[in-house]
Amino acid sequence: MCAKSRVAAPGAGGTSLCSEGRISLYCFLITAALVLIPSVPQNLYGMVPQVWGAVLWGPFLYYALINMIIRFVLRNHDYQVAIRASFLGFAMAVSVLVICFAPTEWQQFGAYGCFMSLFHYSEFLVIAFANPRTLSLDSFMLNHSVHYGLAAAASWIEFSLEVYFLPQFKRYGYIWVAGVVLCLLGEVVRKAAIITAGRSFTHLVQNEKHSEHKLITSGIYAYCRHPSYVGWFWWSIGTQIVLLNPICICIYTLVSWLFFHDRIYVEEYSLLNFFQSDYVRYQKRVPTGLPFIRGYLVD
């Protein structure tokens, strides 16, 4: 993501949501509502006697019906946007049902599911608002990387094993609420960074400086040089605190720190080439925002 969070073009950002953004928003909200509305009474009034059947079986049927409708109404790129937004709306709705009706030791997994769904959908939505010209299916970040997928799978495996063998551990106080706070703060910081950067923010690497670009030092960038990384770092750790995954908390913290340490070092090398003394002064005035990471400093 070299230089993406630091460079802005005139007129950055937009005042309205582009068509793909509107389609995604409709599909996300409508799917979530259509899954939740009929599912909640089934659970409240015992219409489906088995808990997991009520939480999962009914919503899957509703989701399949919604996807059939989307396939009939939309085509090509609009369909691809809609089906991804609908999936994330479905995941959000099922996560809410898990929080409300699943056994106690599984409820924080529902909270985790809500944050995962919200993170991936809001990445697309905020880009659709702030920088629609770079918007693509990759903006959902569902296919971020193999390592990202493996990390998520590892957290699910650890959580499931600990629920099975140590269910009392997952009910230990309300420590997981601290993870909720971290996830919320991380989301706010990252999305504020995207909106502040406007048209310059993209999930793709920028290696060239264009004539209209300028250095952003206002807004959230007045407090840390890499707010999008700061938000993502604390959000990722927060997800594991929500799950009360002690092993993954340690691994996520170490791996995320190493990743952002190297990424910031490489990115600031480009930024110094772009802005030279202006960026040196900015470095001296504002920290990176991440613990023990100083970035690429000029002697």
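That block above? That's the structure.
None of the values given here were measured: they were computed from a predicted structure.

1. Considering the overall build of the protein chain
Here is step 1: Helix and strand counts for the protein chain stand at ten helices and two strands.
Here is step 2: Scanning the protein chain from its N terminus toward the C terminus, one meets helices and strands in the order β-α-α-α-α-α-α-α-β-α-α-α.
Here is step 3: Taken over 299 residues, the protein chain has a buried fraction of 47%.
Here is step 4: Counting only contacts in the protein chain whose residues sit at least 6 apart along the sequence, the fraction spanning at least 24 positions is 81%.
Here is step 5: Of the roughly 14900 Å² of accessible surface on the protein chain, a fraction of 69% belongs to carbon and sulfur atoms.

2. What to know about helix H9 (residues 246-275)
Here is step 1: In this model, H9 (30 residues) spans 42 Å end to end at C-alpha, consistent with the 44 Å of a helix rising 1.5 Å per residue.
Here is step 2: At the exit of H9 stands Gln276, carrying a positive phi of roughly 50 degrees.

3. Examining the packing of aromatic side chains
Here is step 1: Evaluation of the coordinates by the stated rule reveals 19 aromatic pairs.
Here is step 2: With a centroid separation of 4.4 Å and 20 degrees between ring planes, the pair formed by Tyr63 and Phe90 is classed as stacked. Separated by 27 residues along the polypeptide, Tyr63 in helix H2 (residues 51-73) and Phe90 in helix H3 (residues 76-101) bring together distant segments of the chain.
Here is step 3: Pairing Phe109 with Phe159 gives two aromatic rings, centres 5.2 Å apart and planes at 35 degrees, and the pair type is tilted. Residue Phe109 is found in helix H4 (residues 107-130), and its partner Phe159 is found in helix H5 (residues 146-165); the two are separated by 50 residues along the sequence.
Here is step 4: The class of Phe109 is partly exposed, set by a relative accessible area of 24%.
Here is step 5: Given a relative accessible area of 0%, Phe159 falls into the buried group.
Here is step 6: The ring of Tyr79 carries the charged tip of Arg71 above its face, separated from the ring centre by 4.5 Å.

4. Considering unusual backbone geometry
Here is step 1: In the Ramachandran plot, Met141 falls in the positive-phi region, its phi being about 60 degrees despite a non-glycine side chain.
Here is step 2: Structurally, the position occupied by Met141 is in the loop between H4 and H5.
Here is step 3: Phi at Leu244 is positive, roughly 55 degrees, even though this residue is not glycine.
Here is step 4: Assignment of secondary structure puts Leu244 in the loop between helix H8 (227-243) and H9.

5. Considerations on the nonpolar core
Here is step 1: Among the nonpolar cores identified, the biggest contains 47 residues, and Ile70, Phe140, Tyr221 and Tyr279 are the most heavily contacted of them.
Here is step 2: Breaking this core down by element, the ones donating at least two residues are helix H1 (19-44), H2, H3, H4, helix H7 (176-197), H9 and helix H10 (277-285).
Here is step 3: Per-element accounting of this core gives the leading share, eleven residues, to H3.
Here is step 4: Shared between two domains, this core takes at least three residues from each, and those domains are domain 1 (18-101) and domain 2 (144-291).
Here is step 5: Non-local contacts of Ile70, meaning those with residues more than four positions away in its chain, are made with Cys27, Tyr79, Ala82 and Ser86.
Here is step 6: With 26 residues, the next largest nonpolar core counts Phe159, Tyr229, Trp235 and Ile237 among its residues.

6. Considerations on the pattern of salt bridges
Here is step 1: Within this structure, the stated rule accounts for six salt bridges.
Here is step 2: The salt bridge involving Glu187 is made with Lys191; its shortest N-O contact spans 2.9 Å. You can see Glu187 and its partner Lys191 sitting in helix H7, four residues apart, about one turn around the helix.
Here is step 3: Among the residues examined, Glu187 registers a relative accessible area of 9% and is labelled buried.

7. Details of the packing of H3 against H4
Here is step 1: Relative to each other, H3 and H4 sit at 155 degrees, their axes nearing to 7 Å. By the angle between their directions, the pair H3 and H4 is classed as roughly antiparallel. Pair H3 / H4 crosses with left-handed handedness. Of the residues in H4, those in contact with Val81, Ala85, Leu88, Ala91, Met92, Ser95, Val96, Val98 and Ile99 of H3 are Gln107, Gly110, Ala111, Gly113, Cys114, Ser117, Leu118, His120, Tyr121 and Phe124.
Here is step 2: Class assignment of the residues belonging to the contact of H3 with H4 gives a composition of 13 nonpolar, six polar and no charged.

Here is what the cut-offs are and how they apply
Residues numbered from 1 in each chain as written. Predicted model: local features only at pLDDT ≥ 70, side-chain atom pairs only at ≥ 80, totals over all residues. Heavy atoms only, no water. Helix = DSSP H or I, 4+ residues; strand = E, 2+ residues; numbered from the N terminus. Buried < 20%, exposed > 50% of the residue type's maximum accessible area, 1.4 Å probe, protein only. Contact = heavy atoms within 4.5 Å. Areas by Shrake-Rupley, 256 points an atom, 1.4 Å probe, with all protein chains shown as cover. Expected span 1.5 Å × (residues − 1). Phe/Tyr/Trp six-rings, centres within 6.5 Å; stacked < 30°, edge-to-face > 60°. Lys NZ or Arg CZ within 6 Å of the ring centre and 35° of its normal. Core = buried A, V, L, I, M, F, W, Y, C linked by side-chain atoms within 4.5 Å. Domains from an automatic or database assignment. Salt bridge = Lys/Arg side-chain N within 4 Å of Asp/Glu carboxyl O. Axes fitted to C-alpha atoms, helices over the stretch in contact; angles between N-to-C directions. Parallel < 35°, antiparallel > 145°, perpendicular 65-115°, else oblique. Left-handed = near helix turned anticlockwise from the far one by under 90°. Nonpolar A, V, L, I, M, F, W, Y, C, P; charged D, E, K, R; others polar.

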